[in-house]
Amino acid sequence: MIIQEAICLGLNPAVDVTYRIGTLVHGEAQRVPHVREQAGGKATNVARVVQQLGERAHLIAALGGPTGEQFAADLATGGPRLTAVATTRHTRRTVTIVEDDGTATALNEAGAAIPPAEWRAVHDSLDEVLAAASAGSVLVLSGSLPPGADEAGYAECVAAARAQGFSVIVDCGGPALLAAIDAGATHIKPNRHELLETVGCDGLAGVSALRERSPGLVVLVSDGPAGLICAGPEGEWRATPSRPLRGNPVGAGDAVVAAVATGLMLGMPIEAILRSAVGTSGAAVLNPIAGHIDREVARDLAPTVGLTRLG
């Protein structure tokens, strides 16, 4: 059956471990009263939130070793649809320590290099999923490339999706982002630090530098509690939350990407997408576990988002 969905590619997935403690004391042994483990990584978080927003999501992930088995088993219990690509690499783990005051400390393993044969298997799986998806589907490329991967790795995926007329959202930074733009990405969502890393400046100056490479590009830059800057063919905006939100910020940027993907599939105007993106990001902050939101909270927050036209 051909269906419209957000196709999320996870080249460097992880099993996310979240520790919740009162206060982290450096150099001291501490008990951890609350532990949660789940399939994670940026692409996985995006796929989960798309599903929680009521749309279909399909995750393609290269998985290997015992943690890869744990990852697949977790998604089998109500997660987004999964296409697993077998890899000889052991799937990595990440650890996030969340304190009662909302401070989050993330320890992210880099992951292992992907051999050329496995890279080809990932592409073959992506091609099959793209061929089965309907018009209006969106490809999401989110997260780091595995160590040693070609900087054009995402660009090849962009080209495959654009050849079928799909929108493509890319959430990364550096040379991989520039290559993806040149290959025809329609939307990108670096954070402020990735923007600075990629073009040497942030804010609207950095956004303009990226849009010069592709005039039709929509650039969304996430800036934590300050919200979003967006610029595209329809103009420039700043979207800001109505009030500070205290919680776990890990995964808030992934929630932005999920809301944008959902908005594109539903044909929402850019202003509505921006409000949804900031509202969904806020709902992610208020949820203690990355990749999870309360849909009603996201809907309640969206209308309160401040939207200022910049140009």
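Remember, predicted model here, so these are calculated numbers, not experimental data.

With that settled, the discussion passes to the overall build of the chain. The helix and strand tally for the chain stands at 10 helices and 14 strands. Taken against the 2.2 N^0.38 rule, which gives 19 Å for 311 residues, the C-alpha radius of gyration of the chain at 18 Å falls within 12% of a compact globule. Considered along the principal axes of its C-alpha atoms, the chain spans approximately 50 × 50 × 40 Å. Scored against the burial criterion, the 311 residues of the chain give a buried share of 52%. Summarising the internal contacts of the chain: among those between residues at least 6 apart in sequence, 67% fall at separations of at least 24. Accessible area for the chain stands at about 13000 Å²; split by element, carbon and sulfur atoms hold 52% of it. Put simply, the chain has 23 plus and 32 minus side-chain charges, and the middle of one group is 5 Å from the middle of the other.

With that settled, consider the pattern of salt bridges. As enumerated under the stated definition, the model contains 12 salt bridges in all. For the salt bridge of E118 with R89, the shortest nitrogen-to-oxygen distance reads 3.8 Å. With a gap of 29 residues between them, E118 in helix α3 (residues 116–132) and R89 in the loop between β5 (81–86) and β6 (92–99) connect regions that are remote in the sequence. Using a relative accessible area of 9% as the deciding quantity, one classes E118 as buried. What makes R89 buried here is its relative accessible area of 9%. Its salt-bridge partner being R299, residue E296 comes within 3.6 Å of it at the nearest N-O pair. Linking E296 with R299, this pair stays in helix α10 (residues 295–301), spanning 3 residues, or about one helical turn. With a relative accessible area of 44%, E296 lands in the partly exposed category. Taking the relative accessible area as the measure of exposure, R299 reaches 46% and is therefore partly exposed. Several salt bridges converge on common partners, so that one network encompasses K42, D171, K189 and D254.

Take the sheet that holds strand β11 (residues 218–222) next. Reading across the sheet, the 10 strands line up as β5-β4-β1-β8-β9-β10-β11-β12-β13-β14 and stay open at both edges, with mixed pairing between neighbours. Among the strands making up the open sheet, the edge pair consists of β5 and β14 (306–309). Where strand β1 (residues 6–10) lies against strand β4 (residues 57–63), 5 bridges are found, and the strand directions are parallel. Bridged to C8 within β4 is L59.

What follows concerns the sheet that holds strand β7 (residues 104–108). One key point about sheets: their strands pair by backbone hydrogen bonds, in either a parallel or an antiparallel sense. A sheet is described by the order of its strands in space; here 4 strands give the open sequence β3-β2-β6-β7, paired in mixed fashion. Two strands close off the open sheet at either side, each with one partner strand: β3 (34–40) and β7. Each adjacent strand pair in this sheet contributes to an overall mean axis angle of 20°, direction not counted. Bridging between strand β2 (residues 14–21) and β6 involves 8 bridges; their strand directions are parallel. Considered in β6, the bridge of R20 is made with V98. Helix α1 (residues 42–52) rests against β2 and β3 of the sheet, and its axis sits at about 90° to β3. Its contacts with the sheet put helix α2 (residues 65–75) on β2, β3 and β6, and the angle it makes with β3 is roughly 90°.

Another point: the environment of V95. With respect to the helices and strands, V95 occurs in strand β6. C-alpha of V95 to C-alpha of L11: the two residues are 84 residues apart in sequence and 18 Å apart in space. In this structure V95 touches V17, Y19, T105, A106 and L107, once residues within four positions along its chain are discounted.

Before going further, it helps to examine the confidence of the model for the chain. Of all residues in the chain, 99% attain a pLDDT of 70 or more, and the chain-wide mean is 92. Across the chain, element-level confidence peaks in strand β10 (residues 187–188) with a mean pLDDT of 98 and bottoms out in β7 with 87.

As a further point, take the pairing of β6. Burial of β6 is extensive: 7 of the 8 residues sit out of reach of the surface. As paired strands, β6 and β7 are joined by 5 bridges and run antiparallel to one another. Pairing of T94 across the sheet is with N108, part of β7. Here β6 hands over to β7 after 4 residues, with G102 in that stretch at a positive phi of 95°.

Cut-offs applied
- Residues numbered from 1 in each chain as written.
- Predicted model: local features only at pLDDT ≥ 70, side-chain atom pairs only at ≥ 80, totals over all residues.
- Heavy atoms only, no water.
- Helix = DSSP H or I, 4+ residues; strand = E, 2+ residues; numbered from the N terminus.
- Rg over C-alpha atoms; globule rule 2.2 N^0.38 Å.
- Buried < 20%, exposed > 50% of the residue type's maximum accessible area, 1.4 Å probe, protein only.
- Contact = heavy atoms within 4.5 Å.
- Areas by Shrake-Rupley, 256 points an atom, 1.4 Å probe, with all protein chains shown as cover.
- Lys, Arg positive; Asp, Glu negative; His and termini not counted.
- Charge placed at Lys NZ, Arg CZ, Asp CG, Glu CD.
- Salt bridge = Lys/Arg side-chain N within 4 Å of Asp/Glu carboxyl O.
- Pairing = 2+ DSSP bridges.
- Axes fitted to C-alpha atoms, helices over the stretch in contact; angles between N-to-C directions.
- pLDDT = per-residue confidence, 0-100.

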